[in-house]
Amino acid sequence: MTAASRFVPKPPWLKVRAPGGDTYHHLKQTFRELDLHTVCEEARCPNVGECWREGTATVMLLGDVCTRGCRFCAVTTGNPRGAVDTREPEHVARAIARLDLQYVVMTMVNRDDLLDGGAEHVGRTVQRLKSLRPDILVETLVGDFSGHLSAVDTVVDARPDVFAHNVETIRRLTRTVRDVRSSYDQSLAVLERAKTRARAQGIEGQLTKSSIMVGVGETDDEVIETMRDLRGVGVDVVTIGQYLRPTPKHHEVLRFVPPETFTRYEEEALAMGFLYAASGPLVRSSYRAAEVFLRSLLRGKGGEGGDVQAELDARLDVARREAARVALELGAPASVEVPLGARAASAGLVSAASLVRR
């Protein structure tokens, strides 16, 4: 298998138009005003225009320094030493509640320096946002919490609509592609615990979701085997997309998977019993997440999808009305009183001594 350099021209199916339009530019400006940092922009996601138009966005919690060093990821690696902005859940919830969003993905860096891996922080953010905007759908895309399943319980109990954790790659390549502290079986255990916890707590309708990237040295049969493993622990939704190398220092791209192969992955996933599979060269973990959620929900109820676009449009109309209501109740300045960027001098930082894992 020949390595494809980051600078080799990409195949035509990986080329997209630059994002634009009134909705895109409005949200971009609003995110800056509210000091919200979206993974959509920072990861240069090719689908940012599509997702923002349907009212979906992904925000990062717990800072931008990850304690892991995966070879595919461009997020800064380091040791935050237990620093946590305790005001962030309130600020993020207020800010998002004022936006014309119907679906938000809350993701996080790995925080191995925290006793619970940041689970309680994520849970509080979900609960506060839901209290402000009961209509909004929330997905939590979290790490593996170093295998501490009580942390998984904390996030599940906050009742996000979707609990997501990415297995990222096949079993054979996990040690090559992901940080040494990550584990294929540990990821499966996290996803299985999320499903069993939701059932035990009587949480109806909560979906579990995972993502696989291809092009790092796997075979098609191994991708299908990974999907089978995910389905075996009860995962409802799987997304599969092409890995693209962030910088020359990261893992090389070993193949560009053609669209017809992604179609095969999707067919295999549905045959296994996944409620939905988003599979394509440009698909990312949170690709058109609102649509994926609704299609999964409808399929889970025995439907074939129905008029999903009409449902999306209706939900977006509700989101606009609710966002306007929250903005009126909170007042415009309320959502920008506490800038996330002011962490360094923040009086809200928790002492590292109480949070750092020893």
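Residues numbered from 1 in each chain as written. Predicted model: local features only at pLDDT ≥ 70, side-chain atom pairs only at ≥ 80, totals over all residues. Heavy atoms only, no water.

**Details of the sheet that holds strand 5 (residues 137–141)**
Judged by pairing direction, the sheet is parallel, and its seven strands sit side by side in the order 1-4-5-6-7-8-9 without closing on themselves. Two strands bound the open sheet, and with one partner strand each, they are strand 1 (56–61) and strand 9 (276–279). Sheet twist, expressed as the mean angle between neighbouring strand axes with direction ignored, is 20 degrees. Here strand 8 (residues 237–242) pairs with strand 9 via four bridges, running parallel. (Pairing = 2+ DSSP bridges. Helix = DSSP H or I, 4+ residues; strand = E, 2+ residues; numbered from the N terminus. Axes fitted to C-alpha atoms, helices over the stretch in contact; angles between N-to-C directions.)

**As for helix 12 (residues 308–330)**
Spanning 23 residues, helix 12 covers 32 Å between terminal C-alpha atoms, matching the ideal 33 Å at 1.5 Å per step. Val308, Leu312, Leu316, Ala319, Ala323 and Val326 are the residues of helix 12 that are buried. Positioned one or two residues after helix 12, glycine 331 has a phi angle of 85 degrees, which is positive. (Expected span 1.5 Å × (residues − 1). Buried < 20%, exposed > 50% of the residue type's maximum accessible area, 1.4 Å probe, protein only.)

**Focus on the nonpolar core**
Counting 35 residues, the largest nonpolar core has Ile96, Met106, Leu129, Phe145 and Phe163 as the members making the most contacts within it. With five residues, the top contributor of residues to this core is helix 5 (residues 119–132). The contact partners of phenylalanine 145, leaving out residues within four places of it in the chain, are Met108, Asp116, Gly117, Ala119, Ala151, Val152 and Val155. Ranked by size, the runner-up nonpolar core spans 20 residues in total, among them Val233, Ile240, Tyr265 and Phe274. (Core = buried A, V, L, I, M, F, W, Y, C linked by side-chain atoms within 4.5 Å. Contact = heavy atoms within 4.5 Å.)

**Quick look at helix 11 (residues 289–300)**
Compared with an ideal rise of 1.5 Å per residue, which puts 12 residues at 16 Å, helix 11 spans 16 Å between its outermost C-alpha atoms and is within 8% of the ideal. The complete set of buried residues in helix 11 reads Ala289, Ala290, Glu291, Val292, Phe293, Leu294 and Ser296. Directly beyond the C-terminal end of helix 11, a positive phi value near 90 degrees is found at glycine 302.

**Structural notes on the pairing of strand 8**
The element strand 8 is extensively covered by neighbouring structure, given that six of its six residues are classed as buried. Of the strand pairs in this sheet, strand 7 (residues 207–214) and strand 8 are connected by six bridges, and their pairing is parallel. Pairing of lysine 209 across the sheet is with valine 237, part of strand 8. At this point the chain moves from strand 7, through helix 9 (residues 220–232), to the parallel strand 8, and the crossover so formed is right-handed. Handedness of the crossover joining strand 8 and strand 9 through helix 10 (residues 259–272) is recorded here as right-handed. (Right-handed = clockwise from strand over helix to strand, strands pointing away.)

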